[in-house]
Amino acid sequence: MNKVITITRQFGSGGREIGKKLAEAYGIPFYDNEIISRAAKDTGFAEAAFERAEDKASNSLLYSIAMGISGLSLDDRIFLAQSKVIRNVAKEGPCVIVGRCADYILKNQENVVNLFIRATLDFRIKRAIEVEGIPKEKSAEMVMKKDKSRANYYKYHSGERWDNVLNYDFAIRSDLCGIDGTVACLKAYLDQM
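Now for a quick tour of the structure. Predicted model only: the values in this text are computed from it and were never measured.

**Some thoughts on the packing of aromatic side chains**
Item 1. Inspection of every chain in the model, using the stated rule, returns 4 aromatic pairs.
Item 2. Pairing Phe79 with Tyr153 gives two aromatic rings, centres 6.3 Å apart and planes at 70°, and the pair type is edge-to-face. Here the residue Phe79 occupies a position in helix α5 (residues 74-92), and Tyr153 occupies one in helix α8 (residues 136-158), the gap between them amounting to 74 residues.
Item 3. Measuring from centroid to centroid gives 4.4 Å for Phe170 and Tyr189, while their planes differ by 35°, and the two rings are tilted. Here Phe170 is found in strand β5 (residues 170-173), whereas its partner Tyr189 is found in helix α9 (residues 174-191), with 19 residues between them in sequence.
Item 4. We classify Tyr189 as partly exposed; its relative accessible area is 24%.

**A short note on the environment of Val96**
Item 1. With respect to the element layout, Val96 can be found in strand β3 (residues 95-98).
Item 2. For Val96, a relative accessible area of 0% corresponds to the buried category.

**Focus: the pairing of strand β1 (residues 4-9)**
Item 1. In terms of burial, β1 is a largely internal element, 6 of the 6 residues being buried.
Item 2. Burial along β1 is two-sided: Val4, Thr6 and Thr8 facing one way and Ile5, Ile7 and Arg9 facing the other are all buried.
Item 3. Direction of pairing for β1 relative to β3: parallel, over a ladder of 4 bridges. Paired with Ile5 across the two strands is Val96, which belongs to β3.
Item 4. Sheet topology note: the β1/strand β4 (residues 112-118) ladder contains 6 bridges and is parallel.

Criteria and thresholds
Residues numbered from 1 in each chain as written. Predicted model: local features only at pLDDT ≥ 70, side-chain atom pairs only at ≥ 80, totals over all residues. Heavy atoms only, no water. Phe/Tyr/Trp six-rings, centres within 6.5 Å; stacked < 30°, edge-to-face > 60°. Helix = DSSP H or I, 4+ residues; strand = E, 2+ residues; numbered from the N terminus. Buried < 20%, exposed > 50% of the residue type's maximum accessible area, 1.4 Å probe, protein only. Pairing = 2+ DSSP bridges.

Spelled out as structure tokens, the structure:
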């Protein structure tokens, strides 16, 4: 495998787990929270600021202070730091990168394959409860809230719709064949490249 694989996913679809298993199958690095750690180290910002970036609390005091310092919002500076890390890890060689608009950031590179993982709402709610440990009574609301946050984050930074399958080389429903079946399907697709 000589490709950089980006994975964009609906919350609860298993995209992170699928990405990790693909990386293991190919023996290549996997990047998710590692992007946050590297970007935080490069900028001196706390990792928590990066973790909250999708929520975009643009009316916070911290946001206002950041705007006054550089003319760029805190979100924009975090996005630029993450973008730099994403481009750097892509230059290092084949890998799997989950989230953070990696497909958009790397859109002009030839060795990139962009995947979108989705699933039915029922499947995602069940995984939110079982895998993420979200209380049953809050699970549907959390799934919808996380998807909305991801969509807003993507739209804000890329100007495009997060769920537009035309942005991706391959879109798949993980609920149809399960996590391992989805990994096998994606691997079969990637092996043909």
